[in-house]
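Descriptive analysis of the structure
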Amino acid sequence: MRAHRRMSAWATVVLLLLLGGCGIGDTGGDLALNALDPAPGSPAVELDRLWDLVFPIAVGVFVLVQTLILVAVFRFRRRKDDDDRQLPKQVAGNTRLEVLWTIIPAVVLVFVAIPTVQTIFSQNEVDDDAMNVRVIAKQYWFEFEYMDEAQGGVVTATQLHIPTGREVQLHMQSVAVNQASSYDPAAFPDGPTGEVAQGVIHNFWVPRLAGKTYIVPGHTRTMKLSTTEAGLYLGQCAEFCGLGHPNMEFSVLAEDPATFDEWIAAQADPAEVVDEGLAAEGQQLFNDLTCVQCHAIEGYPAQGLPDGEVVPLDEQARIGPNLTHFNTRDKFAGNILETESDDDLRRWLENPQREKPGAQMPNLNLRPDQIDALVAYMRTLD
Ligand code: CUA
């Protein structure tokens, strides 16, 4: 009995030490996925404010209830001289106590509910001049399409650029793996379509910017993003969506409006056609090895031939990421590989499933010389 008690005491100490590692409080922004460290001017600030209100109340209620349980357990435990054949003293209800412990929790709940409901609604209120971006969740990466005319329909992947100080309204959809028409707005009217679900459920979460929002197949879900502070904010798909789920990361890069406008303008440019050297071989292979059947490159020459005609973007496949400005993203493959690393790019081309289990890009069993040429070509996609 004594050994058992000593073990419980140790278990408690270990548990408390472990909980101490949770780092509740000021984390100085070092934890990238930290909802308790909201970016200034973001919807997450309101969520954090709500946490600051509700958490102390929850702790107070927890401590009170646990203390009362412990007091009851120890004060009214069975003692040596108790008569086992006799029932303890029976007590009927106490009206005053019962009224009290019904009213107090009700008041506490109402006190918590009012700001909670207000926050829920404010999370989806957007300014009239909000920028609209379509988010298309695929298996297992995010595609971003700028919907407003001012941004010229730019399509990118894995890294979402937003201007600081301006609200961004996301229109989020989930598509099946091989659905080429994912970007067709007509295929996704706002609201339920009543069609058989395509794709799977994902969850878009940038902890330092906003709460989580489910992306449900057959629906268009909206959410608001904004911040006044330039910086890189990490995001993670927060719903198990298949084998690639843990590697379905992304980032939001908030830039001052002038830098953002420059970036958008550069993204709208087509890629340059290469006409000589290893890169030109890669450009040709991109066609011959059927990469073009999944990936778009704006300005890509027909059949990969430098003197051929250019294939219009809206006639290109959009199953995989748009690679037109591949080198301008910091990471690829669901934010797990470094774009500027030739090693990462080579390993990816060698065997995508080895780098990211569940990835839909097939292993094409490329030869090293083919990989050399493809890497050389991809390095021209600035
Ligand atoms: Cu998408 Cu998890």
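What comes next concerns the included structure. All values derive from a computational prediction rather than experimental measurement.

This next bit is on the sheet that holds strand E7 (residues 213-215). The five strands lie next to each other as E4-E10-E9-E6-E7, forming an open sheet whose pairing is mixed. Two strands close off the open sheet at either side, each with one partner strand: strand E4 (159-163) and E7. Looking at each pair of strands side by side, their axes are set apart by 25° on average, direction ignored. With three bridges joining them, strand E6 (residues 202-205) and E7 adopt antiparallel strand pairing. Bridge pairing links Phe-204 to Thr-213 in E7. Strand contacts of helix H4 (residues 257-267): E4 and strand E10 (249-255), with the helix running at about 135° to E4, the strand carrying the most contacts.

On to a positive patch on the surface, then. Together, Arg-5, Arg-75, Arg-77 and Arg-79 give the surface a local cluster of positive charge. As for its position among the elements, Arg-77 is in the loop between helix H2 (43-75) and helix H3 (95-122).

Our focus in this paragraph is a nonpolar patch on the surface. On the surface, Val-61, Leu-64, Val-65, Leu-68, Ile-69, Leu-70, Val-73 and Phe-74 cluster together to form a nonpolar patch covering roughly 740 Å² of accessible area. Structurally, Val-73 can be placed in helix H2.

All right, on to the packing of aromatic side chains then. The geometry of an aromatic ring pair is captured by the separation of the ring centres together with the interplanar angle, meaning the angle of the planes. Enumeration over the complete set of coordinates arrives at twelve aromatic pairs. Here the aromatic cluster, defined as three or more aromatic residues joined through ring pairs, consists of Phe-142, Phe-204 and Phe-250. Seen from the ring of Trp-205, Lys-212 lies directly overhead, with NZ or CZ sitting 4.5 Å from the centre.

Here we have five strands laid out as an open sheet, ordered E3-E2-E1-E5-E8, and mixed in their pairing. Every interior strand has two partners, whereas the edge strands, strand E3 (155-157) and strand E8 (221-225), have only one. For this sheet the average axis-to-axis angle between neighbouring strands, irrespective of direction, equals 25°. Here strand E1 (residues 131-138) pairs with strand E5 (residues 168-174) via seven bridges, running parallel. Bridge pairing in E5 links Val-135 to Met-172.

Next up on the list: H3. Since the α-helix turns once every 3.6 residues, residues separated by three or four places project in the same direction. Taking 1.5 Å of rise per residue, the 28 residues of H3 would be expected to cover 40 Å, and the 41 Å separating its terminal C-alpha atoms lies within 8% of that figure. Within H3 the residues assigned to the buried category are Val-112, Thr-119 and Ser-122. Packed against the buried residues of H3 are H2 and E8. A distance of 3.2 Å separates the backbone nitrogen of Arg-96 from a side-chain oxygen at the start of H3, and that oxygen is part of Asn-94.

Right, let's talk about the pattern of salt bridges for a bit. In the structure shown here, the tally under the stated rule is 14 salt bridges. A salt bridge links Glu-355 to Arg-347; the nearest nitrogen and oxygen atoms lie 2.9 Å apart. In this structure, the salt-bridge partner of Arg-354 is Glu-355, at a minimum N-O distance of 3.0 Å. In this structure Arg-354 comes out as partly exposed when scored by relative accessible area, which is 45%.

Within the largest apolar cluster, 32 residues are counted, with the highest numbers of intra-cluster contacts made by Phe-142, Tyr-146, Leu-160, Leu-170, Phe-204, Leu-225 and Val-252. Counting residues per element, the ones that place at least two in this core are E1, strand E2 (141-146), E4, E5, E8, strand E9 (231-237), E10 and H4. Ranked by residues supplied to this core, first place goes to E1 with four residues. If near-sequence neighbours (up to four positions away) are discounted, Phe-142 is found in contact with Val-135, Ile-136, Ala-137, Thr-156, Ala-157, Thr-158, Asn-203, Phe-204, Ile-215, Cys-237, Met-248 and Phe-250.

Conventions we followed
Residues numbered from 1 in each chain as written. Predicted model: local features only at pLDDT ≥ 70, side-chain atom pairs only at ≥ 80, totals over all residues. Heavy atoms only, no water. Pairing = 2+ DSSP bridges. Helix = DSSP H or I, 4+ residues; strand = E, 2+ residues; numbered from the N terminus. Axes fitted to C-alpha atoms, helices over the stretch in contact; angles between N-to-C directions. Contact = heavy atoms within 4.5 Å. Patch = residues over 30% accessible without salt bridge, like charges linked within 9 Å, V, L, I, M, F, W, Y side chains within 5 Å. Areas by Shrake-Rupley, 256 points an atom, 1.4 Å probe, with all protein chains shown as cover. Salt bridge = Lys/Arg side-chain N within 4 Å of Asp/Glu carboxyl O. Lys, Arg positive; Asp, Glu negative; His and termini not counted. Charge placed at Lys NZ, Arg CZ, Asp CG, Glu CD. Phe/Tyr/Trp six-rings, centres within 6.5 Å; stacked < 30°, edge-to-face > 60°. Lys NZ or Arg CZ within 6 Å of the ring centre and 35° of its normal. Expected span 1.5 Å × (residues − 1). Buried < 20%, exposed > 50% of the residue type's maximum accessible area, 1.4 Å probe, protein only. Polar contact = N/O pair within 3.5 Å; in protein donor to acceptor, adjacent residues only side chain to side chain. Core = buried A, V, L, I, M, F, W, Y, C linked by side-chain atoms within 4.5 Å.

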